[in-house]
Amino acid sequence: MRFSSFAVLLVVCSILSAKFQSFSEDLGVTLVATLAGDLNATRTWHECYSSDSGSGLAAPGFLSFDTLGAFLITNLKNGINPFEL
């Protein structure tokens, strides 16, 4: 099974908006760890990841929303949802 890092990011921010900050932080840490692990292992990011191993599966070199991971944990700890206007 594969998952899109963008889909997980949307879920994390939706959980934060529903006032479940601790759970959103836990899931956010997992997402950032997956992105960091991919960057360390392959020197790039991917659009989709294996839900079993966390390895990159599609679109090597994909950057777009993955760059939100740089501030995701800090934003979650401060209750900031990057998708809220």
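Rules behind the numbers
Within any chain, residue numbers begin from 1 and follow the written order of that chain's sequence. A pLDDT threshold of at least 70 governs which residues receive local features in this predicted model, and a stricter bar of 80 or more applies before side-chain atom pairs are shown or counted, although totals over entire chains, interfaces and linings include all residues. Hydrogens and water molecules were not included; the side-chain quantities draw on all heavy atoms of the structure. The helix and strand labels rest on DSSP assignments: H or I over at least four residues marks a helix, E over at least two residues marks a strand, and numbering proceeds from the N terminus. We take the radius of gyration over the C-alpha atoms and set the globule estimate at 2.2 Å times the residue count to the 0.38 power. Under the scheme applied here, a residue whose accessible area is under 20% of the maximum for its type counts as buried, over 50% as exposed, and between as partly exposed, the area being computed with a 1.4 Å probe on protein chains only. Two residues form a contact once any of their heavy atoms are found within 4.5 Å. Method for areas: the Shrake-Rupley scheme with a 1.4 Å probe, in which residue coverage is limited to the protein chains shown. For the charge count, each Lys or Arg is scored as positive and each Asp or Glu as negative, with His and the chain ends excluded. Positions of charges follow a simple convention, taking NZ of Lys, CZ of Arg, CG of Asp or CD of Glu. Along the chain, pLDDT gives the predictor's confidence residue by residue, from 0 to 100. Only buried residues count toward a nonpolar core. Its members are Ala, Val, Leu, Ile, Met, Phe, Trp, Tyr and Cys residues joined through side-chain atoms within 4.5 Å. Patch membership requires more than 30% relative accessible area and the absence of a salt bridge. Residues of like charge join within 9 Å; the nonpolar side chains Val, Leu, Ile, Met, Phe, Trp and Tyr join within 5 Å. Salt bridges, as used here, are contacts in which a Lys or Arg side-chain nitrogen is within 4 Å of a carboxyl oxygen on Asp or Glu.

A. Highlighting the overall build of the chain. Each helix and strand in the chain was counted, giving three helices and three strands. Computed over C-alpha atoms, the radius of gyration of the chain comes to 12 Å, within 12% of the 12 Å expected from 2.2 N^0.38 for 85 residues, which places it in the range of a compact globule. Residue burial in the chain is summarised as follows: out of 85 residues, 33% are buried. Across the chain, every contact between residues at least 6 apart in sequence was considered, and the portion connecting residues at least 24 apart equals 55%. Accessible area of the chain: about 5,100 Å², with a carbon and sulfur share of 62%. Mean positive and mean negative side-chain charge positions of the chain (4 and 7 charges, respectively) differ by 3 Å.

B. Quick look at unusual backbone geometry. Of note, Lys19 is a non-glycine position whose phi angle comes to about 75°, a positive value. Among the structural elements, Lys19 can be located in the loop between helix 1 (5–17) and helix 2 (21–42). Non-glycine residue Arg43 carries a positive phi angle of around 65°. Tracing the backbone shows Arg43 in the loop between helix 2 and strand 2 (48–50).

C. Here's a closer look at the confidence of the model for the chain. Mean pLDDT for the chain: 87, with 99% of residues reaching 70 or above. Least confident of the elements in the chain is strand 1 (residues 2–4), whose mean pLDDT is 80; most confident is helix 2, at 91.

D. Seen up close, the nonpolar core. Ranked by internal contacts, the top residues of the largest apolar core, which has 13 residues, are Leu9, Leu31, Leu35, Leu72 and Leu76. If you list the elements that add at least two residues to this core, you get helix 1, helix 2 and helix 3 (69–77). When residues in this core are grouped by element, the largest group, five residues, is from helix 1. In contact with Leu31, not counting residues within four places along its chain, are Ser5, Val8, Leu9 and Leu72.

E. Structural context of the environment of Leu72. If you trace the backbone, Leu72 turns up in helix 3. Sequence spacing of Leu72 and Leu16 is 56 residues, and the spatial spacing of their C-alpha atoms is 12 Å. Filtering out sequence-adjacent residues up to four positions away, Leu72 remains in contact with Leu9, Gly28, Leu31 and Val32.

F. Up close: a nonpolar patch on the surface. Residues Phe6, Leu10, Leu68 and Phe83 make up a contiguous nonpolar surface patch of about 290 Å² in total accessible area. Residue class for Leu10 comes out partly exposed when judged on its relative accessible area of 34%.

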